[in-house]
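Read off the chains here:
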Number of protein chains: 2
Amino acid sequence: MDQIEIFKALSNKTRLQILTWLKNPEIYFAPEHRNADGVCVGMIQEKAGLTQSTVSEYLTMLKKAGLIEATRVGQWTYYKRNEEAFAALSKLIESEI
Amino acid sequence: MDQIEIFKALSNKTRLQILTWLKNPEIYFAPEHRNADGVCVGMIQEKAGLTQSTVSEYLTMLKKAGLIEATRVGQWTYYKRNEEAFAALSKLIESEI
DNA sequence: TCTAAATATCGGAATTTCCCGATATACCAA
DNA sequence: TTGGTATATCGGGAAATTCCGATATTTAGA
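Now for a description of the structure that goes with this document. Just so it is clear, the structure is predicted and the values come from calculations on it, not from any experiment.

**Topic: the sheet that holds strand 1 (residues 34-35) of chain B**
All names here are of chain B.
Consideration 1: Within the open sheet, the 4 strands sit side by side as 1-2-4-3. Their pairing is antiparallel. Two strands in the sheet have a free side with no partner beyond their single neighbour: strand 1 and strand 3 (68-73).
Consideration 2: Strand direction decides the pairing type here: strand 1 and strand 2 (residues 38-40), joined by 2 bridges, are antiparallel. The residue bridging Asn35 from the neighbouring strand is Gly38, located in strand 2.

Right, here's the structure in full:
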């Protein structure tokens with residue numbers, strides 16, 4: 001758990017938005033674009049309004065920080081939150097930092 | 001509470017160290033360099049091993065993010081943690097982000 | 001006053017981040 | 001195979017951050 005990597009990943013408006021969207025995908029994405037593994041990149045990109053490459057990099061960054069997980073299904077990659085990482089971060093701030 | 005400002009402030013090794021030192025000043029600073037208002041800039045600078053201007057700027061940044069508070073006493077400025085901000089951030093990550 | 005000490009602010013070089021377009025890779029379907 | 005779709009990676013210009021030295025400000029004390 002690299003604290004600085006995590007905080008850097010959280011230091012961007014779009015990346016924070018993505019995390020919010022992935023917290024309640026049923027609110028933000030149509031059923032056909034999400035499943036138990038999360039939401040595919042293209043739909044996240046569409047909502048973000050940035051280029052595909054940028055959004056893909058952002059998702060990779062969030063993944064490296066451990067905040068989200070990826071599952072490849074055919075040509076799609078589904079991303080979902082790693083809630084344990086958020087719980088751990090919350091506890092870290094509550095008691096360690 | 002500007003989330004991004006907070007996460008940016010936390011995205012730096014030295015600033016995280018300063019927050020750790022201020023969490024338990026009695027461990028890291030001699031009694032004559034601390035009081036109920038916190039620890040003075042010079043002592044924080046000494047521990048950080050960076051220039052006075054850099055450390056002063058870092059403290060200003062942490063203060064703008066709401067993570068620490070400043071009290072001027074004579075020629076000294078004492079900085080201490082704002083624990084409520086950390087509690088609020090912990091809750092934010094636990095339930096909102 | 002005048003000087004010295006503590007801190008804050010300014011200007012800038014080096015590095016990193018932001019976000020793009022172009023290109024590469026992976027997979028599916030015909 | 002071949003072409004099309006989804007995603008990842010690369011190269012780079014613009015903007016932000018890092019950290020410095022120099023300078024300004026604030027306050028105490030002679």
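**A few points about the packing of helix 4 (residues 41-48) of chain B against helix 5 (residues 52-64) of chain B**
Residue and element names in this part refer to chain B.
Consideration 1: Put simply, helix 4 and helix 5 touch, their axes get as near as 9 Å, and they point 110° apart. In terms of axis orientation, helix 4 runs roughly perpendicular to helix 5. Remark: the crossing between helix 4 and helix 5 carries right-handed chirality. Residues Val41, Ile44, Gln45 and Ala48 of helix 4 touch helix 5, and the partners they reach there are Gln52, Val55 and Leu59.

**Points about the protein's contact with DNA strand D**
Consideration 1: Near DNA strand D, the surroundings consist of 23 residues, among which A:Gly42, A:Ser53, A:Gln75, B:Ser53 and B:Tyr58 are the closest.
Consideration 2: Within the side chain of A:Thr77, one N or O atom sits 3.1 Å away from a sugar or linking oxygen of DNA strand D.
Consideration 3: Between DNA strand D and B:Thr54, the relevant distance is 3.0 Å, taken from a phosphate oxygen to a side-chain nitrogen or oxygen of the residue.
Consideration 4: Listing elements by their share of the surface near DNA strand D, those giving two or more residues are helix 4 (41-48), helix 5 (52-64) and strand 4 (76-81) of chain A together with helix 5 of chain B.

**Points about helix 6 (residues 83-95) of chain B**
Think of an α-helix as 3.6 residues a turn; residues three or four steps apart then line up on the same face.
Consideration 1: The end-to-end C-alpha distance of helix 6 of chain B is 18 Å, a good match for the 18 Å that 13 residues give at a rise of 1.5 Å each.
Consideration 2: For helix 6 of chain B, the set of buried residues is B:Ala85, B:Phe86, B:Leu89, B:Ser90, B:Leu92 and B:Ile93. Viewed end-on, helix 6 of chain B has its buried residues packed into an arc of 160°, placing them on one side of the element. Turned more than 90 degrees away from the buried face of helix 6 of chain B, the exposed residues are B:Glu84, B:Lys91 and B:Glu94.
Consideration 3: Packed against the buried residues of helix 6 of chain B are helix 6 (83-95) of chain A together with helix 1 (3-9), helix 2 (13-23) and strand 4 (76-81) of chain B.

**A few points about the packing of aromatic side chains**
Consideration 1: What the rule picks out here adds up to 1 aromatic pair over all chains.
Consideration 2: Taking the centre distance of 6.1 Å and the plane angle of 25° together, the rings of A:Phe7 and B:Phe7 count as stacked. Of this pair, A:Phe7 sits in helix 1 (residues 3-9) while B:Phe7 sits in helix 1, on two different chains. The pair formed by A:Phe7 and B:Phe7 is uniform in burial state, with each residue classed as buried.
Consideration 3: Looking at A:Lys47, its charged tip hangs above the ring of A:Trp21, at a distance of 5.6 Å from the centre.
Consideration 4: Its guanidinium or amino end placed over the ring of B:Tyr58, B:Arg15 lies 4.8 Å from that ring's centre, counting from NZ or CZ.

**Describing the pairing of strand 3 of chain B**
Regular strands place their side chains on alternate faces of the sheet.
Residue and element names in this part refer to chain B.
Consideration 1: In this structure, strand 3 lies alongside strand 4, joined through 6 bridges in antiparallel fashion. Among the inter-strand pairings, Ala70 is bridged to a residue of strand 4, identified as Tyr79.
Consideration 2: From the end of strand 3 to the start of strand 4, which pair antiparallel, there are 2 residues, and Gly74 there has a positive phi angle of about 65°.

**A short note on the relation of the copies chain A and chain B**
Consideration 1: When chain A is fitted to chain B, the best match, at an RMSD of 0.0 Å, comes from turning it 180° and sliding it 0.0 Å along the axis. Look at the turn and shift together and you get a two-fold axis relating the two. Minimal C-alpha separation from the rotation axis in chain A is found for A:Ser90, amounting to 2.3 Å.

**Considerations on the nonpolar core**
Inside soluble globular proteins, nonpolar side chains tend to come together where they are buried.
Consideration 1: A:Ile44, A:Leu67, B:Ile44 and B:Leu67 are the most contacted members of the largest nonpolar core, which has 60 residues in total.
Consideration 2: Those residues in contact with A:Ile44, other than ones at most four positions away along the chain, are A:Ile18, A:Trp21, A:Leu22, A:Phe29, A:Val39, A:Val55, A:Leu59 and A:Tyr79.

Calculation notes
- Residues numbered from 1 in each chain as written.
- Chains lettered and ligands numbered in written order.
- Predicted model: local features only at pLDDT ≥ 70, side-chain atom pairs only at ≥ 80, totals over all residues.
- Heavy atoms only, no water.
- Pairing = 2+ DSSP bridges.
- Helix = DSSP H or I, 4+ residues; strand = E, 2+ residues; numbered from the N terminus.
- Axes fitted to C-alpha atoms, helices over the stretch in contact; angles between N-to-C directions.
- Parallel < 35°, antiparallel > 145°, perpendicular 65-115°, else oblique.
- Left-handed = near helix turned anticlockwise from the far one by under 90°.
- Contact = heavy atoms within 4.5 Å.
- Near = heavy atom within 4 Å.
- Polar contact = N/O pair within 3.5 Å; in protein donor to acceptor, adjacent residues only side chain to side chain.
- Expected span 1.5 Å × (residues − 1).
- Buried < 20%, exposed > 50% of the residue type's maximum accessible area, 1.4 Å probe, protein only.
- Arc of directions from axis to C-beta.
- Phe/Tyr/Trp six-rings, centres within 6.5 Å; stacked < 30°, edge-to-face > 60°.
- Lys NZ or Arg CZ within 6 Å of the ring centre and 35° of its normal.
- Least-squares fit on C-alpha atoms with pLDDT ≥ 70 in both.
- Core = buried A, V, L, I, M, F, W, Y, C linked by side-chain atoms within 4.5 Å.

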